[in-house]
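Chain residues, written in single-letter form:
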Amino acid sequence: MSDILLSLKGLTKAYPGVVANDNVSFDIGTGEVHALLGENGAGKSTLVKMIYGLVKPDSGTMTLRGKAFAPAEPRAARADGIAMVFQHFSLFDALNVAENIALGMENPPPMRDLAARIREVSETYGLPLDPYRTVGDLSAGERQRVEIIRCLLQDPKLLIMDEPTSVLTPQEVEILFKTLRKLSAEGTAILYISHKLEEIRALCDHATVLRLGKNVGECVPAETSARDMAELMVGTALKTPTRAGRDMGDVALEIVSLDAKSPSAFGTSLKSVSLSVRKGEVLGIGGVAGNGQDELLAVLSGEILTAPGSVKLHGRPIGQTGPTARRGIGLLTAPEERLGHAAAPDMSLTENAMLTGSVRENLESRGFLKWRTAQGFAEKIIEAFDVRTPGPNNAARSLSGGNLQKFVIGREVLQRPEVLVVNQPTWGVDASAAAAIRQAILDLVAKGAAVICISQDLDELMEISDRFAALNEGRLSEPRPTTGLTVEEIGLMMGGAHGMEVAHV
Amino acid sequence: MIVLEKRPQASQLWSLATPVVAVLATMVFGGLLFALLGTQPVEAIRTIFWDPLFGEFAFYYRPQLLVKGAPLVLIAIGLSLGFKAGIWNIGAEGQYIIGALTGAGVGLAFYPLEAWYIFPLMVIAGALGGWAWAMIPGVLKVRFGTNEILVSLMLVYVAEQLLASMSLGLLKNPQGFGFPGSRNLNEYESANSWINQNAGLHWGVVAATIAVIFAYVLLNRHMLGFHIRLTGDAPRAARFAGVSPGRLVLFCLGTSGMLAGLAGLFEVAGPAGQVSIDFNTGYGFTAIIVAFLGRLHPIGILLAGLLMALTYIGGEIAQSQMGLPAAAIQVFQGMLLFFLLALDLLTNYRIRLKSREVA
Amino acid sequence: MDLSQINPILLVASLMVAATPILLAAIGELVVERAGVLNLGVEGMMITGAICGFAVAVETGSPWLGFLAAAIGGAALSFLFVILTQFALANQVASGLALTLFGLGLSSLLGQSYVGIKPPPTPDLHIPLLSDIPILGPVVFSHDLILYLGIAIVAGVWALLKFTRAGLIMRAVGENHDAAHALGYKVVRIRVMAILFGGACAGLGGAYISLVRVPQWTEGMTAGVGWIALALVVFASWKPWRVLLGAYLFGGITVLQLNLQAAGVAIPVEYLAMSPYVITIVVLVILSADKSRAPGSLGRIFHATS
């Protein structure tokens with residue numbers, strides 16, 4: 001591992017208003033599993049985009065196997081043996097696996113040969129995949145396999161993986177790690193991007209930590225404690241949310257054997273889902289993305305209407321009640337997608353406050369809008385949740401992801417919900433904002449509200465929820481008390497390893 | 001290398017400046033076009049934009065501004081509601097025809113009775129006719145998901161055939177010596193939409209003014225208008241806010257159809273005077289340009305409608321005095337829309353010049 | 001009324017002629033839409049092609065130069081659409097409408113001095129053997145070159161999409177432009193080529209109306225064929241051979257209603273004349289239930305952020 005494969009020297013990239021990477025240097029050795037560690041917004045993505053030829057650095061140099069390396073485009077990077085598995089897959093839903101893989105190759109063989117090679121590689125590395133299946137029908141884990149195999153078919157010297165485990169169950173993570181270790185043993189270097197410390201300790205030989213675009217330290221993960229790495233990554237000691245002992249009240253919200261068809265072609269329909277949540281309780285719902293989370297939220301927000309009795313609020317059937325009326329009786333929701341679903345990108349924060357606040361905050365009388373009151377409400381949210389923005393007249397899309405998330409959550413929390421449903425409340429949000437959001441949720445519960453928190457962040461769910469259930473292919477597991485749950489049990493609730501029955505790993 | 005950079009939020013300045021710059025650019029390139037056609041460009045531009053307002057015969061042309069502007073504004077206001085929400089009614093021309101047919105039909109049914117209630121009944125019939133014609137694409141879209149652009153457009157051709165059939169058959173003037181076309185409504189006191197013909201004032205002008213105010217209040221002060229804007233910006237967020245997409249489609253298409261139908265009725269009972277085969281002159285399509293030129297804003301549409309009316313009148317003057325072909329003005333209007341759409345880029349993006357970096 | 005006047009052999013032969021403009025325009029638009037772009041300017045490009053082709057054919061005396069000019073004219077107009085949607089990132093629906101309005105104006109401006117003239121005839125082919133087959137010969141194998149070119153383009157597009165890498169890349173761009181960009185494909189360049197191809201095809205289709213089908217020049221003579229072609233792409237679920245089928249169906253309806261008009265059927269002329277449009281609507285309604293085949297990025301604006 002002594003010979004250096006890729007060496008980065010003084011890489012700098014600035015965007016208007018923000019320096020994404022500031023003089024970053026480090027080396028990656030041949031066959032090394034190298035972690036790139038950092039919070040959301042620390043500049044990890046920009047850095048790997050420079051290595052992959054998607055972004056050009058403002059200054060600094062890269063050296064690959066001793067030669068100057070400056071890929072003008074991904075094609076050039078691929079030609080030099082660099083492959084990348086994206087966090088958001090660059091896949092084509094309507095095309096099949098083999099076609100998707102052919103698109104990622106420079107000179108793909110004829111389809112039939114390619115299909116045979118896909119089978120071969122997928123068996124070698126324990127990642128079963130049918131080359132003729134339509135990608136839109138695959139689970140998130142299977143889709144990731146498509147990306148990985150696409151990379152492996154090119155015999156890469158360096159494989160970049162951007163947050164690969166966020167879409168996997170714990171069992172699937174184990175399988176992925178086996179594959180990666182095998183690759184590393186064969187001499188392929190892996191640049192592994194993550195903010196999950198335990199994973200990095202389990203997998204990586206070496207770690208580089210980024211904070212606010214700067215390289216703030218390197219370490220050998222196996223010899224460093226998770227706490228030390230966290231402090232390097234965040235810069236300060238974190239305040240963890242406090243959870244007071246709770247008194248559970250009556251059942252606030254109930255779903256009774258609910259079936260709901262997904263409105264989108266490649267969505268997941270809900271199948272006989274039942275749950276209940278009590279006043280003063282947080283019900284955490286885990287599961288890999290795309291297993292019905294969006295649909296569950298839509299069923300609760302009233303965007304998808306169902307049989308009247310299948311959703312009940314305080315015992316009242318509301319399955320046929322629309323979103324506005326549900327807000328009126330105290331059921332509030334915050335969807336995952338901030339821009340375009342929870343908030344309208346080109347509208348001001350005042351208008352976005354109006355979006356869900358009109359009923360409970362009295363922003364409307366007989367159809368006519370009270371803009372002044374709405375602005376006051378928006379200012380209240382900005383103030384209470386420390387949303388960084390020049391003012392309520394700024395457009396939603398001018399806010400950073402974390403700030404907009406604080407606004408969206410704040411908007412619902414401040415409306416004094418009786419039941420609050422949130423989907424991915426802290427996704428893509430920096431650690432301190434995430435902590436603030438979780439604290440706000442817990443404060444709400446302490447005052448007697450019921451909360452359903454849908455998330456893919458298992459640590460988050462373990463931290464704040466009283467009971468835990470998981471969504472898997474549109475079915476919800478039996479909720480169980482969080483205390484005492486093991487990772488294996490959680491993994492099995494999430495469906496174990498998807499599509500791995502045929503594998504021999 | 002030119003790089004486009006998305007602005008964090010739309011530029012207010014450019015949003016207002018774009019239409020003005022587009023008009024100026026069109027004047028320059030339109031002038032070039034006129035020069036190519038062998039016309040004095042400056043002269044032509046002056047004839048089109050200046051003479052109708054301040055020339056020797058302005059007293060005659062100024063009222064024309066109201067006559068031509070009213071239907072354009074009325075239709076464009078309706079279209080803008082849908083366009084804002086991403087609902088594309090491009091068949092206003094057809095709804096305009098049908099409104100004229102149903103409205104005139106009701107009036108002619110009463111002929112030769114004179115009564116105060118005839119004209120109000122015609123207005124209602126015209127509005128209903130346009131509304132019903134626009135509800136065809138509306139209902140089909142809501143019920144079957146059919147593309148409203150294609151259906152509303154196809155219905156223009158159907159309406160044109162109906163118009164021909166009516167002027168040759170059912171609504172033909174029995175005392176018209178066999179010529180196609182209906183009785184002249186201007187000669188039928190109870191079915192006349194003129195208020196003051198010399199001033200260019202007819203009920204359509206009143207309706208257009210009311211429509212502008214109505215749309216302004218709706219979009220800025222009312223929940224329904226908020227929902228329209230919300231749907232245009234983020235359809236998923238609109239559903240989340242509680243908007244029923246189907247109802248919104250029906251409202252937007254219905255309203256735009258109704259306003260187009262009204263425009264047709266006021267036209268047939270006023271400036272046109274009768275139902276005839278060549279009754280429709282493309283107001284329904286030009287209104288699309290008006291809606292965009294006015295940035296889908298009621299006040300903007302009012303100004304844009306008057307400007308477009310000006311090009312119609314000026315074009316006619318240029319045609320008779322300078323021999324500028326009628327089609328040239330159509331090209332001119334199309335060009336205006338091009339520049340507007342292209343320059344709109346500046347509202348949402350910043351253009352930067354960058355030297356190609358070497359990594 | 002005398003239905004026996006309708007000669008089935010002539011009916012089929014003229015059906016192929018009537019279908020060709022729709023076919024050409026629709027197969028061009030199919031390529032554009034498979035690349036993820038919705039160009040509603042088909043009508044404008046067709047009418048521009050119709051006048052460009054007509055004018056050049058009259059001036060040079062060669063219909064072939066006319067068709068060439070039509071293709072160039074259609075592509076030139078579509079280049080305006082390229083500027084608006086691919087470089088100025090304008091809304092595709094509005095830009096397409098602008099193209100149609102502009103094309104209609106431009107064509108009547110260009111066509112002023114060509115009203116009432118007869119264009120040089122476009123010769124029919126005589127294919128040895130095939131043309132001599134009784135019935136089938138005169139019906140199917142004795143048309144002009146452009147008609148067969150239309151069918152050849154359909155076959156070509158089908159083969160391109162199904163068998164070639166270029167076709168796969170084009171489908172990928174239409175399906176998910178962000179992913180295609182991330183893989184390093186030139187989204188804008190591919191789309192520009194598709195749009196220009198669509199413009200050229202629409203231009204050819206327009207010229208086929210003014211040089212073969214009618215043949216003469218009148219203002220607004222495409223009379224909504226471009227819009228029917230757009231509907232046809234939906235009808236065909238974005239599949240080339242179904243475009244051919246659909247075009248022949250519409251061609252058949254058009255020819256049949258013309259024949260019925262000539263035969264003096266008791267239905268008024270206007271109602272027969274509106275039938276192709278009404279049938280288009282009916283077909284759209286029947287087929288709009290299934291939208292899943294539409295390219296994923298259709299009509300969406302692409303702006304590379306990095």
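### Some thoughts on the overall build of chain C
Here is step 1 of the chain: A tally of helices and strands in chain C yields 12 helices and zero strands.
Here is step 2 of the chain: Going from N to C terminus, chain C has its helices and strands arranged as α-α-α-α-α-α-α-α-α-α-α-α.
Here is step 3 of the chain: The C-alpha radius of gyration of chain C comes to 19 Å, within 12% of the 19 Å expected for a compact globule of 306 residues.
Here is step 4 of the chain: Considered along the principal axes of its C-alpha atoms, chain C spans approximately 65 × 45 × 45 Å.

### As for the packing of helix α6 (residues 118-144) of chain B against helix α7 (residues 148-168) of chain B
Residue and element names in this part refer to chain B.
Here is step 1 of the chain: One way to put it is that α6 packs onto α7 with a least axis distance of 9 Å and a crossing angle of 150°. The angle between the axes of α6 and α7 places the two elements in the roughly antiparallel class. Taken as a pair, α6 and α7 cross one another with a handedness that is right-handed. On α7, the residues that touch W133, I136, P137, L140 and K141 of α6 are E148, V151, S152, L155 and A159.
Here is step 2 of the chain: The residue makeup of the contact of α6 with α7, split by class, is seven nonpolar, one polar and two charged.

### Quick notes on the interface of chain B and chain C
Here is step 1 of the chain: Counting residues at the interface gives 39 residues for chain B and 39 residues for chain C.
Here is step 2 of the chain: At the level of elements, β1 (2-6), α6, α7, α12 (283-293) and α14 (326-343) of chain B are the ones that each hand at least two residues to the side of chain B that touches chain C.

### Here we look at the environment of G402 of chain A
Here is step 1 of the chain: For G402 of chain A, the location among the structural elements is in helix α13 (residues 401-413).
Here is step 2 of the chain: Discounting residues that sit within four places of it in the chain, G402 of chain A has contacts with V429, D430 and A433 of chain A.

### What to know about the pairing of strand β1 (residues 4-15) of chain A
A regular strand carries its side chains on alternate faces of the sheet.
Residues and elements named next belong to chain A.
Here is step 1 of the chain: The pairing of β1 with strand β2 (residues 18-29) spans eight bridges and is classified as antiparallel. Bridging across to β2, Y15 finds its partner in V18.
Here is step 2 of the chain: As paired strands, β1 and strand β4 (residues 59-64) are joined by five bridges and run antiparallel to one another. Counted as the bridge partner of L6 is L64 from β4.

### Some details on the pairing of β4 of chain A
Residue and element names in this part refer to chain A.
Here is step 1 of the chain: As judged from the two bridges shared by β4 and strand β5 (residues 67-68), these two strands associate in the antiparallel manner. Following the sheet pairing, L64 is matched in β5 by K67.
Here is step 2 of the chain: Between β4 and β5, which follow one another and run antiparallel, lie two residues, and R65 among them has a positive phi close to 45°.

### A word on the interface of chain C and chain A
How big an interface is tends to be stated in terms of accessible area lost as the parts join.
Here is step 1 of the chain: Contacts between the two partners involve 13 residues from chain C and, on the opposite side, 18 residues from chain A.
Here is step 2 of the chain: For the side of chain C that touches chain A, the secondary-structure elements that each account for two or more residues are α7 (165-175) and α8 (177-182) of chain C.
Here is step 3 of the chain: Looking at which element gives the most residues to the side of chain C that touches chain A, the answer is α7 of chain C, with five residues.
Here is step 4 of the chain: Of the residues assigned to the side of chain C that touches chain A, the class counts are six nonpolar, five polar and two charged.

### Things to note about helix α1 (residues 12-36) of chain B
Residues spaced three or four apart along an α-helix point in a common direction, a consequence of the helix completing one turn every 3.6 residues.
All names here are of chain B.
Here is step 1 of the chain: The end-to-end C-alpha distance of α1 is 37 Å, a good match for the 36 Å that 25 residues give at a rise of 1.5 Å each.
Here is step 2 of the chain: The sharpest bend along α1 reaches about 35° and sits at T18, with the proline P19 one to four residues further on.
Here is step 3 of the chain: Buried within α1 are the following residues: T18, P19, A22, T26, G30, L33 and F34.
Here is step 4 of the chain: Where α1 is buried, its residues contact α2 (41-49), α12, α14 and α15 (345-348).
Here is step 5 of the chain: G38 lies just past α1 and shows a positive phi near 85°.

### Regarding unusual backbone geometry
Here is step 1 of the chain: Each neighbour pair has its own omega, and for Y111 of chain B with P112 of chain B the value is 5°, a cis peptide bond.
Here is step 2 of the chain: Take P112 of chain B: it is sitting in the loop between α5 (92-110) and α6.
Here is step 3 of the chain: The residue N23 of chain A is not glycine, and still its phi comes out positive at about 55°.
Here is step 4 of the chain: When you line up the elements, N23 of chain A lands in strand β2.
Here is step 5 of the chain: Positioned with a positive phi, S237 of chain C is a non-glycine residue whose angle comes to about 50°.
Here is step 6 of the chain: Within the element layout of this structure, S237 of chain C appears in the loop between α10 (225-235) and α11 (240-263).
Here is step 7 of the chain: Classification of S237 of chain C as partly exposed rests on a count of 15 C-beta atoms within 10 Å.

Reading guide: rules and limits
- Residues numbered from 1 in each chain as written.
- Chains lettered and ligands numbered in written order.
- Predicted model: local features only at pLDDT ≥ 70, side-chain atom pairs only at ≥ 80, totals over all residues.
- Helix = DSSP H or I, 4+ residues; strand = E, 2+ residues; numbered from the N terminus.
- Rg over C-alpha atoms; globule rule 2.2 N^0.38 Å.
- Axes fitted to C-alpha atoms, helices over the stretch in contact; angles between N-to-C directions.
- Parallel < 35°, antiparallel > 145°, perpendicular 65-115°, else oblique.
- Left-handed = near helix turned anticlockwise from the far one by under 90°.
- Contact = placed C-beta atoms within 7 Å.
- Nonpolar A, V, L, I, M, F, W, Y, C, P; charged D, E, K, R; others polar.
- Pairing = 2+ DSSP bridges.
- Expected span 1.5 Å × (residues − 1).
- Bend = angle between axes of the 7 residues up to and from the residue.
- Buried ≥ 20, exposed ≤ 12 C-beta atoms within 10 Å, placed from the backbone.

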